[in-house]
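# Secondary and tertiary structure notes
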Amino acid sequence: IDSIPYDDKSTYEMLSRGLSTGVFQFESVGMKNALRKLGPDNVHDIIALGALYRPGPMDNIPTFIACKHGIQEVDYLHPLLEPILKFTYGVIVYQEQVMEIARVLSGYSLGAADLLRRAMGKKVKSEMDAQEEIFVSGAVKNNVPANQAKSIFTTVAKFAGYGFNKAHASAYGVISYQTAYLKANFPTEFLVASLNLEIDNSDKMSIFLQEAKMFNIEIISPDINKSQGLFS
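Described below are features of the structure shown in this document. (Residues numbered from 1 in each chain as written. Predicted model: local features only at pLDDT ≥ 70, side-chain atom pairs only at ≥ 80, totals over all residues. Heavy atoms only, no water.)

### Describing the pattern of salt bridges
Pairs can form between side chains of opposite charge once their charged atoms are near each other. This is how it is decided: In what follows, salt bridge is the name for a side-chain nitrogen of Lys or Arg lying within 4 Å of a carboxyl oxygen of Asp or Glu. We count a stretch as a helix when DSSP gives it H or I for four or more residues in a row; a strand needs E for two or more, and each element gets its number in order from the N terminus. Three exposure classes are used, based on accessible area relative to the maximum for each residue type with a 1.4 Å probe and protein chains only: buried under 20%, partly exposed in between, and exposed over 50%.
Taken as a whole, this structure holds 9 salt bridges when the rule is applied. Linking aspartate 114 and arginine 118 is a salt bridge whose minimum nitrogen-to-oxygen distance equals 3.1 Å. Of this pair, aspartate 114 and arginine 118 both sit in helix H7 (residues 110-122), 4 residues apart, which is roughly one turn of the helix. Judged by its relative accessible area of 46%, arginine 118 is partly exposed. Across the pair lysine 122 and glutamate 127 runs a salt bridge whose closest N-O atoms are separated by 3.7 Å.

Below, the structure is given as structure tokens:
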């Protein structure tokens, strides 16, 4: 599994059609709708969608999709931040992006940037006021106008409150891609394995059997001469 390509066209086409039953993280109706609208074509999209699909960050999914498709102009807040926000179309999705913004724009050390991230997560006013002062003065030294730096701080603070850990999101996103790749390229084997995994759950079995029909896989009824103890 570690040697599969991460640019497999059939995998992204399948996900873009919302055919993600059995795919790790992407089985819910809402997630399937998001996949159809997004039309993911790279692993960064999959990682970000997994991180965004939860209460709070979900509100940013329409912006993420609109910016990906060029319906809405991507706002990087400042030219220095484009490399940090490029893969998420200007949307701050990850805690690591918050830390990197502070480092690049305001000269924070990584340790200080982590303290900023924590302060933004807790939203204690005294801590936030102190951090804003450090952030703005650091940005001004970097030739960023004070008003723009304040505006960026406010935007970053709004996202940081529920930003996801990118390392965690990436590990989950890779597993999502791997399961999607197996389903797209080996649908019969994938569905056999899924059916055997859910053999005690008739509702899930029924869903997977419907899925097999959608993939034009022939299903043989129970037969004393052909059937085995498990799906095969």
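Still to come is the rest of the account.
### A word on empty space enclosed by the protein
The following threshold applies: Of the grid points, spaced at 1 Å and generated over the protein atoms alone, those admitting a 1.4 Å probe that cannot get out make up cavities, while open sets with protein on both sides within 12 Å along at least five of seven lines make up pockets; any residue with an atom within 4 Å of a point is treated as lining. Grid points are joined across faces, edges and corners, and a volume is the space filled by probe spheres set on the points. When residues are grouped by polarity, Ala, Val, Leu, Ile, Met, Phe, Trp, Tyr, Cys and Pro land in nonpolar, Asp, Glu, Lys and Arg in charged, and all others, Gly among them, in polar.
Scanning all chains against the criterion turns up 1 cavity of 30 Å³ or more. Lining the largest cavity are Leu52, Pro57, Asn60, Ile92, Val93, Phe159, Tyr162 and Gly163. Among the residues forming the lining of the largest cavity, the class breakdown is 6 nonpolar, 2 polar and no charged.

### Side note on helix H4 (residues 61-68)
Operational definition: Contacts between residues were defined by any pair of non-hydrogen atoms, one from each residue, lying within 4.5 Å.
With 6 of its 8 residues buried, H4 lies for the most part within the structure. Here H4 has its buried residues at Ile61, Phe64, Ile65, Ala66, Cys67 and Lys68. On its buried face, H4 is in contact with helix H2 (29-38) and helix H3 (43-52). Directly after H4, the chain includes glycine 70, whose backbone phi takes a positive value near 75°.

### Notes on the packing of H3 against H4
Put simply, the rule is: Here an axis means a line fitted to C-alpha atoms, over the contact stretch when the element is a helix, while the angle between two N-to-C directions is reported on a 0 to 180 degree scale. Each angle gets one of four labels, with under 35 degrees taken as roughly parallel, over 145 as roughly antiparallel, 65 to 115 as roughly perpendicular, and the rest as oblique. Two helices crossing with the near one rotated counterclockwise from the far one by less than a right angle form a left-handed crossing, whereas a clockwise rotation gives a right-handed crossing.
Viewed as axis vectors pointing N to C, H3 and H4 meet at an angle of 160°, and their least axial separation amounts to 11 Å. Relative to H4, the element H3 is oriented roughly antiparallel. Between H3 and H4 lies a crossing whose hand is left-handed. Here H3 contributes Asp45, Ala48, Leu49 and Leu52 to the contact with H4, which in turn contributes Ile61, Phe64 and Lys68. A per-class count over the contact of H3 with H4 returns 5 nonpolar, no polar and 2 charged.

### Some words on the side chain of serine 106
The criterion, for reference: Between N or O atoms, a polar contact is any pair within 3.5 Å; within protein, one atom must be a potential hydrogen donor and the other a potential acceptor, and residues adjacent in sequence are included only when both atoms are from side chains.
Examined against the element boundaries, serine 106 turns out to sit in helix H6 (residues 95-106). A polar atom in the side chain of serine 106 sits 2.8 Å from the backbone oxygen of phenylalanine 135. Not counting residues within four places of it along the chain, the set of residues in contact with serine 106 comprises Ile101, Phe135, Gly138 and Ala139.

### Some details on the nonpolar core
We apply this condition: By convention a nonpolar core is built from buried Ala, Val, Leu, Ile, Met, Phe, Trp, Tyr and Cys residues, the set being connected through side-chain atoms within 4.5 Å.
Counting residues in each nonpolar core, the largest one holds 58 residues, and the members touching the most others are Leu15, Leu81, Leu85, Ile92, Ile101, Met120 and Phe135. Setting aside residues no more than four positions away along its own chain, leucine 81 makes contact with Tyr76, Ile101, Leu105 and Ile152.

### What to know about the layout of surface pockets
By rolling a water-sized probe across the atoms, one finds the places where empty space is left. Computed from the structure, the largest pocket encloses a volume of approximately 530 Å³. Of the residues belonging to the lining of the largest pocket, the class tally is 13 nonpolar, 6 polar and 2 charged. Roughly 170 Å³ of internal volume is contained in the second largest pocket. Together, His44, Ile47, Pro83, Ile84, Phe87, Thr88, Tyr94, Glu96, Gln97, Glu100, Lys166 and Ser170 line the second largest pocket. Contributing elements (two or more residues each) for the lining of the second largest pocket: H3, helix H5 (82-85), H6 and helix H10 (166-185). Of the residues contributing to the lining of the second largest pocket, the split by class is 5 nonpolar, 4 polar and 3 charged.

### Considering the packing of aromatic side chains
Filter applied, for reference: Note on ring pairs: Phe, Tyr and Trp rings are taken, using the six-membered ring of Trp, and paired if centres are within 6.5 Å. Classes follow the plane angle, with under 30 degrees stacked, over 60 edge-to-face and the rest tilted.
The full count for this structure, using the stated rule, is 7 aromatic pairs. Taken together, a centroid distance of 5.6 Å and an interplanar angle of 45° make the contact between tyrosine 12 and tyrosine 177 tilted. With tyrosine 12 in helix H1 (residues 9-16) and tyrosine 177 in helix H10, the pair connects residues that are 165 residues apart, well separated along the chain. Taken individually, tyrosine 12 and tyrosine 177 each receive the classification buried, so the pair is uniform in this respect. Measuring from ring centre to ring centre gives 5.3 Å for phenylalanine 135 and phenylalanine 153, while their planes differ by 65°; the resulting arrangement is edge-to-face. Placement of the pair is phenylalanine 135 in helix H8 (residues 125-141) and phenylalanine 153 in helix H9 (residues 146-160), with a sequence separation of 18 residues.

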